[in-house]
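# Structural description and commentary
Next come the chains, spelled out residue by residue.
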Amino acid sequence: MNAPLIPPPGIASCPIPNRVLMGPGPSDMHPRVVAALGHSAIGHLDPAFVAMMEEIKVLLRYAFQTENALTFAVSGPGSVGMETCFVNLVEPGDKVIVCRNGVFGGRMIENVQRFGGTAVVVEDTWGEPVDPRKVADALKANPDAKMVAFVHAETSTGAQSDAAALVKLAREAGCLSIVDTVTSLGGTPVLADAWGADAIYSGSQKCLSCVPGLAPVTFSERAVERVKARKQKVPSWFMDLGLVLEYWSAPGGKRTYHHTAPVNSLFALHESLVMLKEEGLEQAWARHRLHHEALKAGFDVLGLRFVVREDARLPQLNAVYIPEGVDDAAVRKQLLEKYNLEIGAGLGPLAGKVWRFGLMGHSARRENVDLCLGALADVLSGMGKAADKKTALAAASSVYATSTR
Ligand SMILES: *Cc1c(COP(=O)(O)O)cnc(C)c1O
């Protein structure tokens, strides 16, 4: 017999660095969430676990501000939440109006096409919110469209679109709406019922301060009816809502095995949602705004310009232009190596042109803002740029001084 294949020597437990996460996600996990994650696993059909799943549904309805019965967490990252919405709602031949003003709208187009639909693309410049007038025109030009899909908070640019207006247009045209709230949930208002949205997906690792790998979703009655009325089977076994619900929704109280739920991640999600409830949604939104204002005050001193116009800016995702003559990668490398601080690079047409500073969930706190402004000022000064650290920190400080929080 041949000797068994063995890995090379020298591989041992990994020394994981402690980082401060101020990029586009994941964000810092709260210590309470980390503690929940570290508990020993229990069975995914254990009555104690099932009771916790029921609470997660209740807490997610709070987070989404909805009474939708079909509200739960898909086992998988935000991208699986996205696919769950599209694979269940799109049937071959369906026309879907998809708004693209950044990376994630592009992924929606991919989803529509891969499931046999036709995407009618409404384009807006990266950094701009989706223009509702263009969507209205697309709906007029495509009376046979069945759905409208858009990203509420475009993480690639930091632009927030007017979800209420876009969903209203969809409804008036008799279309269902699919909304990406991966970066908005818990950070800025997501009002599923007030908007009248039909399918919304999100992610655990952005403004919920939780571990990556879970995708909260919620579906309206209209969306559920659409799925039930499908002519063809959902072309995914794992994401087929009808099958998943035999585990998450216990028809007749009898939960059955579908897949092994990521129990520890769900402990963590439960804890993060309890924390959101304790803080209160409005307070969480106000906290994200406050730290954004402080960071912005510091950035103004450092001469960093925002990509997105003020009234469409996401507080939790701050995209700014890289100053002229500054080496993008070198700055990010120094921040990571010297300060353990992760920030985000630009994507697509903004690659090399912008930095993205996340203030999401537990990352949205004063010590992070101060660390970030101080570290960035030091690094820029070290490269010979004028960057007044003291004044930048003082500007942030004065925002905190005038806040009532
Ligand atoms: C992060 C993100 C996703 C994808 O989530 P993953 O957990 O990385 O799969 C989708 N949409 C938006 C807007 C995001 O910011």
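Each remark here, short or long, concerns the structure printed above.
So, a few notes on the structure that sits alongside this text. (Residues numbered from 1 in each chain as written. Predicted model: local features only at pLDDT ≥ 70, side-chain atom pairs only at ≥ 80, totals over all residues. Heavy atoms only, no water.)

## A word on the sheet that holds strand β4 (residues 118–123)
- In space, the seven strands of this open sheet follow the order β2-β10-β9-β8-β5-β3-β4, with mixed pairing throughout. If you trace the sheet from one side to the other, it starts and ends with β2 (70–75) and β4, each paired once. Taken pair by pair, the neighbouring strands of this sheet meet at an average axis angle of 20 degrees, ignoring direction.
- Sheet topology places strand β8 (residues 176–180) next to strand β9 (residues 199–201); three bridges connect them, and they run parallel. The partner of V179 across the bridge, within β9, is I200.
- The strands touched by helix α9 (residues 241–248) within the sheet are β2 and β10 (214–219), with β2 carrying the most contacts at an inclination of about 95 degrees. (Pairing = 2+ DSSP bridges. Helix = DSSP H or I, 4+ residues; strand = E, 2+ residues; numbered from the N terminus. Axes fitted to C-alpha atoms, helices over the stretch in contact; angles between N-to-C directions. Contact = heavy atoms within 4.5 Å.)

## A closer look at the pairing of β2
- Most of β2 sits inside the fold, with six of its six residues counted as buried.
- As defined by bridge partners, β2 adjoins β10 across six bridges and the pair is classed as antiparallel. When the bridges of β10 are listed, F72 appears paired with V217. (Buried < 20%, exposed > 50% of the residue type's maximum accessible area, 1.4 Å probe, protein only.)

## Description of the state of the cysteines
- What the rule picks out here adds up to zero disulfides.
- C99 provides the cysteine sulfur closest to C175, a residue in no disulfide bond, and the two sulfurs are 11 Å apart.
- Looking at C210, it has no disulfide partner, and the nearest cysteine sulfur is the one in C207, 13 Å off. (Disulfide = S-S within 2.5 Å.)

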